[in-house]
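So the chains spell out like this:
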Amino acid sequence: MAYYAIGIGGTGSKCLETLIHLAAAGMMPDKQDLYVLFVDPDAANGSLGRAVKTLECYKTFSNNAQLAQPYLLQTQIDSTANPIFSPFNDDNDDKPRLEKFFDYAGLRLADDGAADIFEVLYSEKERTTQLHEGFRGHPSIGAAVMAQTVLGGGEPWKTFNSKVAKDPNPKIFLAGSIFGGTGASGFPTIAQLIKNALKEKPVNPQIGGALVLPYFTFNDEGGDAQLKAKAEHFLMNTQAALEYYHRWNKDLVYNSIYLIGDDSQVQVGNFSLGGQTQQNEQHFIELYAALAAIHFFDKDSEADETDGAAQYFRLNRLNNPLKWADLPDGDGGVKIQLKLRQLYHFSVAYLDIYKPAIDDISKGQLSGDQAPWCIDFFKRNKPNRIPLNDPRTEASLKSVKTYCENFLVWLANIQNSKKDAGKAFKPIIVSDTNGFDLTKCINLISSDSTMEPLNSTALNRLWGNMCRTKGKGEGTDIGKFLSALYQNCEKI
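Heads up: these notes are all about the structure in this document. What you are looking at is a predicted structure, and each value in this text was computed from that prediction instead of being measured.

**Looking at the pattern of salt bridges**
This structure, assessed with the given rule, holds five salt bridges. One salt bridge in this structure joins Glu286 and Lys14, with 2.9 Å as the shortest N-O distance. On the criterion of sequence distance, the pair formed by Glu286 in helix α11 (residues 284-298) and Lys14 in helix α1 (residues 9-24) is long-range, its members being 272 residues apart. For the pair shown, Glu286 and Lys14 are each scored as buried. With a shortest N-O distance of 3.3 Å, Glu17 and Arg50 are connected by a salt bridge. Separated by 33 residues along the polypeptide, Glu17 in helix α1 and Arg50 in helix α2 (residues 46-62) bring together distant segments of the chain. The two residues Glu17 and Arg50 agree in class, both being buried.

**A short note on the packing of α1 against helix α14 (residues 391-415)**
Interhelical geometry of α1 versus α14 gives an angle of 120° and a closest axis separation of 11 Å. Between α1 and α14 lies a crossing whose hand is left-handed. Residues Thr18, His21, Leu22 and Ala24 of α1 touch α14, and the partners they reach there are Tyr403, Asn406, Phe407, Trp410 and Ile414.

**Observations concerning α11**
With 15 residues, α11 extends 21 Å from end C-alpha to end C-alpha; this agrees with the ideal 21 Å at 1.5 Å per step. Buried residues dominate α11, accounting for 13 of its 15 residues.

**Quick notes on the nonpolar core**
Ranked by internal contacts, the top residues of the largest apolar core, which has 120 residues, are Phe160, Trp373 and Phe481. Here this core takes 13 residues from helix α12 (residues 334-362), the largest share from any one element. The contact partners of Phe481, leaving out residues within four places of it in the chain, are Tyr350, Tyr354, Ile358, Trp373, Phe377, Phe378 and Met466.

**Topic: helix α9 (residues 182-197)**
Given a rise of 1.5 Å per residue, 16 residues ought to cover 22 Å, and the 21 Å separating the end C-alpha atoms of α9 matches this to within 8%. For α9, the set of buried residues is Thr182, Gly183, Ala184, Ser185, Gly186, Phe187, Pro188, Thr189, Ile190, Ala191 and Ile194.

Criteria and cut-off values
- Residues numbered from 1 in each chain as written.
- Predicted model: local features only at pLDDT ≥ 70, side-chain atom pairs only at ≥ 80, totals over all residues.
- Heavy atoms only, no water.
- Salt bridge = Lys/Arg side-chain N within 4 Å of Asp/Glu carboxyl O.
- Helix = DSSP H or I, 4+ residues; strand = E, 2+ residues; numbered from the N terminus.
- Buried < 20%, exposed > 50% of the residue type's maximum accessible area, 1.4 Å probe, protein only.
- Axes fitted to C-alpha atoms, helices over the stretch in contact; angles between N-to-C directions.
- Left-handed = near helix turned anticlockwise from the far one by under 90°.
- Contact = heavy atoms within 4.5 Å.
- Expected span 1.5 Å × (residues − 1).
- Core = buried A, V, L, I, M, F, W, Y, C linked by side-chain atoms within 4.5 Å.

This is how it looks when you write it as structure tokens:
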């Protein structure tokens, strides 16, 4: 058995981005592999691009033999070289239109009534608008296009089809918004196509999904000349979509659907049709969607069979701030708090203390006697030991640095996505010019006042613990160092 996650549209990609970080923190339920792919006609979407970079960063770290160790980034995440599926893959037409996709001119020439039906189903603006930046908040367009293209012979579907067909019990999770264009069109269509494709296969698939309800809004000053999503239509679109799902899923295409939203919608700035300008900061709602995926992967489908009755959970945050206990991790929020805290401590300590010290020692600017842990892990005589200033070692240590930076930016945005969230998830302060300023990163991500902040006392204790580790551990030289630092970060 393996796990499969499909992010549909901008919101779906952000949900998978969060899932990747939770996997890095050790939140996945077991050691099963995770196969990831993204579906978006707007391949240049900024949020999608950031999620793909997170995936690449994770894979570079976890697949690096020189960084091998048994604790960090232990979930094997797989994807194709290009994990993005776009239904518009004609290199000669980078601005496709619905009328061209369905050969409207040919339908008209055939004179069999198909063109008339096409005109009834789609307005002239829907037929002629260029769709290279998405489906513009019109799921009827996206559903028609995806029904013709998803699960085709190209990548990343080719690898997905091959893996699922060989997996007797695949668990497949889809994430997307219910109120836009791409997510709303892909969520039912892709699930149905997967279900149909596996009917004749000797597999028992379980399909789950997170449908994200409206949780953000934006200013729209562009008028009505263009076909586009409109924030004022989100709630109306959501109501219509929920009525549709109530009727449609009676055939149990989805074994589990998680509806997630927030009635206090965050302002994300001015409207963007798509492309690189459509890059919104991460939001805590996406954390709930990622936890929904983990819950789905973790649950025993046989033991959890019910009569189909829905379960509802509501957080009343009118007078109470968001708390760790409000996160459904199966342990009252304790598990995710400890896991994220440990990875946060590791990232800050590595970026601001240990990586700079290693760099200084490799350049001869710092004596190894001043950092005994460095001598134990990297300096003592050992056959075939790769020196610190070797390009391979430098590249490996840099990949860890890149992931830590990526993780801290994500965590900071999650914490600051709601004003009241900062009261529970004490914010990390990130400097725009000098990276991560340890003197400002003085708070644990914790609402428990008994837990000690990441201050000089805690860091001195960490340094002492690292020196006492004596280079012990599992993995390569760098792997032992990373394991020791990560494990010691659990204790400070």
